[in-house]
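Structural features, examined
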Amino acid sequence: MFLKRINPILRRCQHNLWSFSASRKCCLLVEDERIDDKFFMNLLGISKPEANKMIKGGRFAKLEIDDVEKSFYFLQTCGLAGGTVGIQNYPSILATKDVTLKNRFKVMEECLFRQITIAILQNYIVVMNKPISLLRSHKYIPSIEKIVKNLVEITNLTNVAVQEVKKLEQTGNLNDLRRYIMDDFLRKEIGATEEDLKRIWASYLRLRNKPIKSVAEVIELIRKELNFSNEKILSHAYLLYGEPENMQKILTLEKLSGTDAKEVLSLHPKILMSNYKSIVEIDRVLTENEIPDKTLVRNGKIYTLSPQTVAERIEYLKQIDEFRVLLSHPRIGRLIFYQNKAIHRLNYLKENKIFCASLNVLSGDTESFQRYVQNGVDATKGKEMIIMLSQKLKRSVKEVREYLSRHPNWCHVPLVSMSAVFDHLTNAGYTESDIFANIHILFYPLSEIIKKIEAIEQGSLDFVKEINWRSLSKTQFLALVLYTIEIEFNFSGDGIWGATYIQGDSSTTEKSEEMQENVN
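This is a predicted model, so every value here is computed, not measured.

**Quick look at the side chain of Asn438**
Mapped onto the elements of the fold, Asn438 is located in the loop between helix 29 (432-437) and helix 30 (446-458). Not counting residues up to four positions away in its chain, the partners in contact with Asn438 are Thr475, Leu478, Ala479 and Leu482.

Laid out in C-alpha cells, this is it:
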C-alpha cells in the first residue's frame, strides 16, 4: 500500500530539474569529456537510447563530471538495493552531491531502515516526513523503541523520557524523533539551553539532515584539536553540520599562508566548513601572488571563498591603481573578501573628489563608511602610507612615520599618487636612499615634479640658474627639486594640492562592471 503511494511521487521526482545558484561556475569539460550520452553509456554501461533518455530535459547540463561520478561511486559502494538499475530508473539522484547522499544514507541507517533502496534515498525528504506509524505499518522501520535505543547508544544518553517518545510514535515523524534526541544530546554534551536550541534550529535547519553520530564526532574533534569550550561551540553552532572527515583533513595542516593552522582555525572557525582541497589551493594562490602571511590571521574569511574567486579577485586588484598599491598590506585579505563592495565605494568616493580613503574605509562596515563620507575630510590615518613606504624604502615603520609626520599635510595624499611618484623616480635611477632623504617629495603631484625637473635642467628658474645641477648627486638634485616646489608655497606644504592625484588611467567604474560579470 505505502509503496504504491510512494512510487508515483518518486517517479515525478526524477523529472524535477536540479536547482543551482546562477552565480556558480561549472566546468563542463574534464579531460575532453562532457556530460553527454557517451558519458552515461560509459558510466552505467547502458545503451545510447537509455543514455539519451537520462540527459533529456537538461538536468545535468550545469553539473560537473566529477560531482556526478562521485555520487555514482558512492551509490555503488554503499550497498544500496537496486544498484545500477535503480540509478537508471531514478537518474536525477546523480544530481545530488555525494556528501548529501552520504548524510541522508547515514541518517536512514541510524533510524534502522530495514532496506534502503535508490527509490527511498531519492525520496528521502518525503519519507522522513511521513508519520512514524505509517512507516512502521509498512515495515520500513522497526519499533520506535529499537530506533531510540540505537540513537541513545550513539549519543551516550540516559533517562530518555519514555512518554514523549510514545507521543512521537503516534503523532510525529522521524525528523521529529531525531530532533528530540538531538536536543537531549546537545543539552547534555555542550550545555545548550532552550534558547540556544531555538536559535540553532532556526538558523541551521540543515542540521536535521546530519547524522547524530556526525554531530558527536564534530564536537569531539573541535574540543580535542582546538580546545573549544561549550560556549564557543554554541557561538559557532554552524560547525555542528560540518563534515568530520573534511575537518580532520584541515586540522592536519601545519601552516596556512605561513601561519600556524590551528591558530588561524581558532580565530576563524568557519574555515572548517570549507573544502580541504579548496583551502590548499587558496593557500597556493596567496603564496604565488606574494600576499603577506599576516593577511590570513587578520582575514581568515578569504579561505571560505573558492580558489577561482580568490585568484580572479587578486588579478582585478592588480589592474586597479588604488588597490594595487595595497597588495602588500597586512589586511589586503579583507579587501579581497569584500572586493565588490570596495570597488563600488571607491567609485563613489572618486565621483565626490575624495581620494584618500583607507583600506578600512573601503572594506569596513557601512556605518564607518558613512561616517567617513559625512565627515567630508579627504584624509587617512596614514597607516597604509607608512606600511607601503616602509616596504618600498626598506626602512622601519617607526623611521618612516617619524619623517613623514614632519609634513603638515601628510595624511592628505592618496597612496596611488605616492606610488606613482616613487615608481617614476626609481625608473629614473634614484635609489631608495635618495628618495628617503627627500621623502616629502613623494607627497607632490608627479606632473609638478616632472615640470620642476625640466625647468631646472633647462635653466628657466631664475633662483636656481646659478646652481650647476649637473655637479649634484642624485640625493642633492632631488632636494633641489623639492625646494623649487615648496618655495612657491612658502614651505607651508600646501603644494600637495597643486594637481589632481589620480595618475593612472584605469577606470574603476569599468573594472566594477567587468567584475560583476566575471567574479562570484
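**Concerning helix 13 (residues 194-203)**
For helix 13, the complete set of buried residues consists of Asp196, Leu197, Ile200 and Trp201. Buried positions in helix 13, seen along its axis, are confined to an arc of 120 degrees and lie on one side of it. Away from the buried face of helix 13 by more than 90 degrees, exposed residues Glu195, Lys198 and Ala202 are located.

**Some points on the side chain of His407**
Assignment of secondary structure puts His407 in the loop between helix 27 (397-404) and helix 28 (415-427). A polar contact of 3.1 Å, which involves the side chain of His407, links it to the side chain of Tyr444.

**Here we look at a positive patch on the surface**
A cluster of basic side chains, namely Lys294, Arg298, Lys381, Lys383 and Arg401, defines a positive patch on the protein surface. Mapped onto the elements, Lys383 comes out in helix 26 (residues 383-392).

**Notes on unusual backbone geometry**
The phi torsion at Lys139 lies on the positive side, around 60 degrees, for a residue other than glycine. Of note in this structure, Asn227 is not a glycine but carries a positive phi near 55 degrees. Tracing the backbone shows Asn227 in the loop between helix 14 (212-226) and helix 15 (230-235).

**Considering the pattern of salt bridges**
A full pass over the atoms with the stated rule returns 19 salt bridges. Residues Arg324 and Asp321 are paired through a salt bridge, measuring 2.5 Å at the closest nitrogen-oxygen approach. Of this pair, Arg324 and Asp321 both sit in helix 21 (residues 321-324), three residues apart, which is roughly one turn of the helix. Judged by relative accessible area, Asp321 falls into the buried class, the value being 9%. Here Asp423 makes a salt bridge to Lys392, at a shortest N to O gap of 3.6 Å. Taken as a pair, Asp423 in helix 28 and Lys392 in helix 26 lie far apart in primary sequence, 31 residues in all. For Asp423, a relative accessible area of 34% puts it in the partly exposed group. Accessibility expressed as a relative area gives 22% for Lys392, which makes it partly exposed.

Cut-offs and rules
- Residues numbered from 1 in each chain as written.
- Predicted model: local features only at pLDDT ≥ 70, side-chain atom pairs only at ≥ 80, totals over all residues.
- Heavy atoms only, no water.
- Helix = DSSP H or I, 4+ residues; strand = E, 2+ residues; numbered from the N terminus.
- Contact = heavy atoms within 4.5 Å.
- Buried < 20%, exposed > 50% of the residue type's maximum accessible area, 1.4 Å probe, protein only.
- Arc of directions from axis to C-beta.
- Polar contact = N/O pair within 3.5 Å; in protein donor to acceptor, adjacent residues only side chain to side chain.
- Patch = residues over 30% accessible without salt bridge, like charges linked within 9 Å, V, L, I, M, F, W, Y side chains within 5 Å.
- Areas by Shrake-Rupley, 256 points an atom, 1.4 Å probe, with all protein chains shown as cover.
- Salt bridge = Lys/Arg side-chain N within 4 Å of Asp/Glu carboxyl O.
- Lys, Arg positive; Asp, Glu negative; His and termini not counted.
- Charge placed at Lys NZ, Arg CZ, Asp CG, Glu CD.

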